[in-house]
Amino acid sequence: MKNLFYAFASLLLLNSCNEKPVVIEDPRNNPEQFKKVDPSIKLPQVLKQDTYLNDLDTSAGMEISSDRINMFYRTETDTINDYYDYIVDQEFKGNSTADDGVSYLHLIRDGDTLDYEILKNDRSVLRFKFMRDSTVHEYFPETRPGKAPTVIPD
């Protein structure tokens, strides 16, 4: 019985030795393929394509697609849609904010631009500061789990 066990074990070892070896690329051979990411460089934000609702009025929201943003307001009888082209970058009024890691959302329509600083952009919330009057606008994903926040009238 022992001999059968040793024969089986040696067969397994032989089979594993016949497998192709794993080749690990040496970064010294091709350094351009293995560039390190500089943690001090803060990249511009990317907006997730989704539908978001306003935190204070769930009838208001924004629908983000790859090339446009629709700012909407839904009532029981009507829906108002305002479509904007948009750019997300790290420039405001010709000044770069890349060193500070600040990103901006620029909504563009009919030659007019609305500028927003992106304060928070994650899976749970989008928070913007409108640059003209510094008001903060907050949106949450329409499809987020749980129920929408309760709006208390003034």
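No experiment lies behind these values; they were computed from the predicted model shown.

This paragraph deals with the sheet that holds strand S10 (residues 136–141). Sheet architecture is closed into a barrel: eight strands sit in the order S1-S2-S3-S4-S7-S8-S9-S10, paired in antiparallel fashion. The mean angle between the axes of side-by-side strands here comes to 35 degrees, regardless of whether they run parallel or antiparallel. When strand S3 (residues 68–74) meets strand S4 (residues 79–89), the two strands line up antiparallel, connected through seven bridges. Its bridge partner being in S4, arginine 74 is matched across the sheet by threonine 79.

Residues at a pLDDT of 70 or more form 64% of the protein, whose mean pLDDT is 78. The element-level mean pLDDT for the protein is lowest in helix H1 (residues 2–17), coming to 51, with strand S9 (residues 126–130) highest at 94.

A word on the side chain of aspartate 115. Relative to the elements of secondary structure, aspartate 115 occurs in strand S8 (residues 112–121). Although aspartate 115 is buried, it makes no salt bridge; arginine 132 carries the closest opposite charge, 6.2 Å away. Side-chain polar atoms of aspartate 115 contact the side chain of histidine 106, separated by 2.5 Å. Among residues more than four places away in sequence, those in contact with aspartate 115 are Phe92, Leu105, His106, Lys129, Phe130 and Met131.

The next point concerns the pairing of S10. Where strand S1 (residues 51–54) meets S10, three bridges bridge the pair, whose relative direction is antiparallel. Within S10, the position partnered with leucine 53 by the bridge is phenylalanine 140. Linking S9 back to S10 in an antiparallel pair, the connection comprises five residues, with serine 134 at a positive phi of about 65 degrees.

Now for the packing of aromatic side chains. One pair of aromatic rings is described through two measures. These are the centre distance and the angle between the planes. Scanning the entire structure with this criterion turns up four aromatic pairs. Here the aromatic rings of phenylalanine 92 and tyrosine 104 are separated by 5.2 Å at their centres, their planes lie at 20 degrees, and the arrangement is stacked. With phenylalanine 92 in strand S5 (residues 91–92) and tyrosine 104 in strand S7 (residues 104–109), this pair connects stretches of sequence that are twelve residues apart. Like phenylalanine 92, the residue tyrosine 104 is buried in the burial classification. Consider the rings of tyrosine 116 and phenylalanine 130, whose centres lie 5.0 Å apart with planes at 40 degrees: the pair is tilted. In this pair, tyrosine 116 sits in strand S8 while phenylalanine 130 sits in strand S9, placing the two residues 14 residues apart along the sequence. Like tyrosine 116, the residue phenylalanine 130 is buried in the burial classification. One aromatic cluster is present, formed by Tyr116, Phe128, Phe130 and Tyr139 through successive ring pairs.

Okay, the side chain of histidine 106 next. Relative to the helices and strands, histidine 106 resides in strand S7. Using a relative accessible area of 9% as the deciding quantity, one classes histidine 106 as buried. Excluding residues within four positions of it along the chain, histidine 106 makes contact with Asp85, Tyr86, Ile87, Asp89, Glu91, Thr113, Leu114 and Asp115.

Positive phi is not limited to glycine here, since lysine 93 has a value of about 50 degrees. Turning to its location among the elements, lysine 93 is positioned in the loop between S5 and strand S6 (95–96). Residue serine 134 is not a glycine yet carries a positive backbone phi of 65 degrees. Its location among the elements puts serine 134 in the loop between S9 and S10.

Criteria and cut-off values
Residues numbered from 1 in each chain as written. Predicted model: local features only at pLDDT ≥ 70, side-chain atom pairs only at ≥ 80, totals over all residues. Heavy atoms only, no water. Pairing = 2+ DSSP bridges. Helix = DSSP H or I, 4+ residues; strand = E, 2+ residues; numbered from the N terminus. Axes fitted to C-alpha atoms, helices over the stretch in contact; angles between N-to-C directions. pLDDT = per-residue confidence, 0-100. Buried < 20%, exposed > 50% of the residue type's maximum accessible area, 1.4 Å probe, protein only. Lys, Arg positive; Asp, Glu negative; His and termini not counted. Salt bridge = Lys/Arg side-chain N within 4 Å of Asp/Glu carboxyl O. Polar contact = N/O pair within 3.5 Å; in protein donor to acceptor, adjacent residues only side chain to side chain. Contact = heavy atoms within 4.5 Å. Phe/Tyr/Trp six-rings, centres within 6.5 Å; stacked < 30°, edge-to-face > 60°.

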